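# Structural features, examined
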Amino acid sequence: MNLLATPDIDAGTVTITADVDGAPPSATITATATTGATGGLVAATATGPVGQPIVLHLPHAQLWSPRDPYLYGVRLSLSTGDTVTSYFGMRKISVGTDSTGYRRLFLNNQPLF
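What counts, and where the lines are drawn
- Residues numbered from 1 in each chain as written.
- Predicted model: local features only at pLDDT ≥ 70, side-chain atom pairs only at ≥ 80, totals over all residues.
- Heavy atoms only, no water.
- Phe/Tyr/Trp six-rings, centres within 6.5 Å; stacked < 30°, edge-to-face > 60°.
- Buried < 20%, exposed > 50% of the residue type's maximum accessible area, 1.4 Å probe, protein only.
- Helix = DSSP H or I, 4+ residues; strand = E, 2+ residues; numbered from the N terminus.
- Pairing = 2+ DSSP bridges.
- Core = buried A, V, L, I, M, F, W, Y, C linked by side-chain atoms within 4.5 Å.
- Contact = heavy atoms within 4.5 Å.
- Axes fitted to C-alpha atoms, helices over the stretch in contact; angles between N-to-C directions.
- 1 Å grid on protein atoms, 1.4 Å probe; cavity = no way out; pocket = protein on both sides within 12 Å on 5 of 7 lines; lining within 4 Å.
- Points joined across faces, edges and corners; volume = space filled by probe spheres on them.
- Nonpolar A, V, L, I, M, F, W, Y, C, P; charged D, E, K, R; others polar.
- pLDDT = per-residue confidence, 0-100.

Applying the stated criterion across every chain, the model contains two aromatic pairs. When the ring of tyrosine 70 is compared with that of tyrosine 72, the centres are 5.1 Å apart and the planes differ by 85 degrees; the resulting orientation is edge-to-face. The class for tyrosine 70 is buried, based on a relative accessible area of 18%. When the ring of tyrosine 72 is compared with that of phenylalanine 88, the centres are 5.4 Å apart and the planes differ by 15 degrees; the resulting orientation is stacked. Of this pair, tyrosine 72 sits in strand S6 (residues 72-78) while phenylalanine 88 sits in strand S7 (residues 83-88), and the two are 16 residues apart along the sequence.

Here it is, written out as structure tokens:
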């Protein structure tokens, strides 16, 4: 099982996409995000069919930054019994215009320099 976590801090979500080789067509995946990379309290959970993106809602997410490199844990449980764990950070890197009109690199909607 391979997974990809795609955060969207503006929507307060993370989309989990998992590739599962050999899973039966009726199999489902339950994705659970936990506080802290090594597990903790359940922050969000959702279930969906294998091969489809699963969206977890984290409306008050703790954002990753160099000063606070906070990571969430994630556990994917396949209905057939297999489980995979990993982690992800809620962050957004973009290019935008700052208050003086200059193009800048932004982290989490804030200019870096």
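Don't stop here, the text continues.
Strand-to-strand pairing in sheets goes through backbone hydrogen bonds, with the strands running parallel or antiparallel. With antiparallel pairing, three strands are arranged side by side in an open sheet as S8-S9-S10. At either margin of the open sheet sits one strand with a lone partner, and together these are strand S8 (93-97) and strand S10 (110-111). Relative to S10, strand S9 (residues 103-107) runs antiparallel, the two being bridged by two bridges. Its bridge partner being in S10, leucine 107 is matched across the sheet by glutamine 110.

In this structure, Leu56 and Phe88 are the most contacted members of the largest nonpolar core, which totals 21 residues. If you list the elements that add at least two residues to this core, you get strand S2 (13-19), strand S3 (28-34), strand S4 (42-49), strand S5 (54-57) and S6. Take this core: its biggest share by element is four residues, from S6. The residues contacting leucine 56, other than those within four sequence positions of it, are Gly12, Thr13, Val14, Ile16, Ala31, Ala33, Ala44, Thr45 and Ala46.

What the three strands build is an open sheet, ordered S1-S2-S5; its pairing is antiparallel. Looking at strand neighbours, the two that pair on one side only are strand S1 (2-8) and S5, the edges of this open sheet. Between one strand and the next, the sheet's axes are offset by a mean angle of 20 degrees, whatever the strand orientation.

Computed from the structure, the largest pocket encloses a volume of approximately 160 Å³. Looking at the lining of the largest pocket, its residues break down into four nonpolar, three polar and one charged.

Overall, the prediction assigns the chain a mean pLDDT of 92, with 100% of residues at 70 or greater. Per-element averaging of pLDDT across the chain places S10 at the bottom with 92 and S5 at the top with 98.

Let us now look at the environment of aspartate 68. Inspection of the secondary structure puts aspartate 68 in the loop between S5 and S6. Not counting chain neighbours up to four residues away, the residues in contact with aspartate 68 comprise Gln62 and Leu63.

The alternating pattern of S5 places Ile54 and Leu56 on a buried face, while none of Val55 and His57, on the opposite face, is buried. Both S2 and S5 contribute to a ladder of four bridges, which runs antiparallel. Across the sheet, residue isoleucine 16 finds its bridge partner in S5, namely isoleucine 54.

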